[in-house]
Amino acid sequence: MEQAPPRARPVHLNVPDHQAGDPADGLLGGCAARPCARAAAEWAARRGLGPDALAATSCAAAGLAAVWFSAGTRGGLLAGALLLCASLVLGAAPGAGHEVLDAGKELAVYAGLAAGGAASGERVWWAATGAAALLSVRTTLDATSPPRPSRRGVLARRVAATLRLPVAERSALLAAATAIAGAQTAFVLLIAWGAAATLGALAVRALTVPAHAAAVRVHRDDGPASLMLGRAARGRLAPLPGAVLAAAATGVLLAARPDGGPAPALFAPAVALMLVGPAAAHPHDGRLDRLVPPITRGIEYGYLAVLGFAQGVPAPLVYVSVTVLALHHHDVVRRVRRGRPPQEWVPRAGLGWDGRLLVAAVAGLAGPLTFAYAALAAYLGVLFGGEGAVAWTRSRGRRAGGHRAGGHGAGARGAGGTTTA
């Protein structure tokens, strides 16, 4: 078959067409970040730079922003804010976004701000850890209860998304509040707004979004102990009541501080396991069962953070321990959305939420809690990071093979005069 004459075939830049933007974008992301990112992508494409180069530049800008923030000086805060905005724009370019990398950039900036605040005499690591934990809880909540399609106009959707504080608005809030009032105030504002947005989204979706049992169960991140209790209960116990009771009991035990003897908080993981674990085999098909994974995330992050800070574990190590888990859970959300969840051995090798809490509790009883946090963070970082990198490489290989096969098919279709970008 004859191909169309060269001048009859339109020439396109090798940039995906995302002019409509992400439906989750707020006013800042949809009206400023995305258009600037589109222009940057077209400029880069004309010079032979693809989305991977933009993604790498975005990561570098975020890393430099974290370094400048860690200085704790007024000039460092201003330079970090500008670099953070540049990273946001480049990361929003078509094809340059990656959920886990985006989360990693944001968490690196949190660490830089916390280090800078600590250098200035502020106690900020607890706020940075809370912000990182809240970000992961919100991501899991969004994954287990996706929003319904909206019939509202573009402006109304943008305003509603802005109130939910997406990434562009979070970055702008951090940059502005840090430059004006300091890192601690910025984190407090971020946590307060994020918590309010989470509660609002929860109230709206609780009775309007149908359950997705399969997606809910894969986000539980149960370890061998919970799975064993779930098999023993044969899926007969409803999951939500136990999760709520476990969260309340963990909070009470963490708040109790006796004068002598083992702290009651060290027994919280066993209580949470006995309340949450027996429901591991339940189908999670109830309308509110989607809340179980976010609650479990909150129990795990909250326990590790409060126990670590209370028992004198170095604050940066507590933050690293929580962010390693947060990045893993972001990766699980991304892979589930693409229909390729992690294999069953991954959460088991990672001990599950229950196993990790039991390790921390046993280490707290035995004494070397700092060593336990460091060893756990290193082990989980290597395990989850290595497995995620292998899965990502294989996924890119499959996509590249599909693109090559599709390219031959596109050439055949081009004989009919139809071309694709």
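Source: prediction; values computed, not measured.

Reading predicted coordinates in detail is not appropriate for stretches of low pLDDT. With 83% of its residues at a pLDDT of 70 or more, the chain shows a mean pLDDT of 81. Averaged pLDDT values for the elements of the chain fall to 73 in helix H17 (residues 369–414) and rise to 93 in helix H12 (residues 268–276). Confidence drops under a pLDDT of 50 for residues 1–21, and excluding neighbours within four residues, the segment shows 27 contacts in the predicted structure.

This next bit is on the pattern of salt bridges. Here the structure, examined in full by the defined rule, presents ten salt bridges. Notably, a salt bridge pairs Glu106 with Arg170, separated by 2.7 Å at the nearest N-O pair. Pair noted here: Glu106 is in helix H4 (residues 99–119) and Arg170 is in helix H7 (residues 167–181), with a separation of 64 residues, a long-range link. Accessibility expressed as a relative area gives 11% for Arg170, which makes it buried. Asp221 serves as the salt-bridge partner of Arg356, at 2.6 Å between the closest nitrogen and oxygen. Highlighted residues: Arg356 in helix H16 (residues 352–366) and Asp221 in the loop between helix H9 (213–218) and helix H10 (224–233), separated in sequence by 135 residues. Neither residue differs from the other here; Arg356 and Asp221 are each classed as buried. Beyond isolated ion pairs, a larger network of salt bridges with shared partners links Asp331, Arg334, Arg335 and Glu387.

Moving on, we get to the nonpolar core. Residues Tyr110, Phe187, Leu190, Tyr303 and Tyr373 are the most contacted members of the largest nonpolar core, which totals 63 residues. A total of eight residues in this core trace back to one element, the largest contributor, which is helix H5 (residues 125–144). Of all hydrophobic cores here, the second largest spans nine residues; its members include Ala37, Ala41, Ala55 and Leu90.

A few words on the side chain of Ser321. Within the secondary structure, Ser321 is located in helix H14 (residues 315–337). When its relative accessible area of 9% is taken as the criterion, Ser321 is described as buried. A polar contact is formed between the side chain of Ser321 and the backbone oxygen of Leu317, at a distance of 2.9 Å. When near neighbours in sequence (up to four residues on either side) are disregarded, Ser321 contacts Tyr373 and Ala377.

Conventions used here
Residues numbered from 1 in each chain as written. Predicted model: local features only at pLDDT ≥ 70, side-chain atom pairs only at ≥ 80, totals over all residues. Heavy atoms only, no water. pLDDT = per-residue confidence, 0-100. Helix = DSSP H or I, 4+ residues; strand = E, 2+ residues; numbered from the N terminus. Contact = heavy atoms within 4.5 Å. Salt bridge = Lys/Arg side-chain N within 4 Å of Asp/Glu carboxyl O. Buried < 20%, exposed > 50% of the residue type's maximum accessible area, 1.4 Å probe, protein only. Core = buried A, V, L, I, M, F, W, Y, C linked by side-chain atoms within 4.5 Å. Polar contact = N/O pair within 3.5 Å; in protein donor to acceptor, adjacent residues only side chain to side chain.

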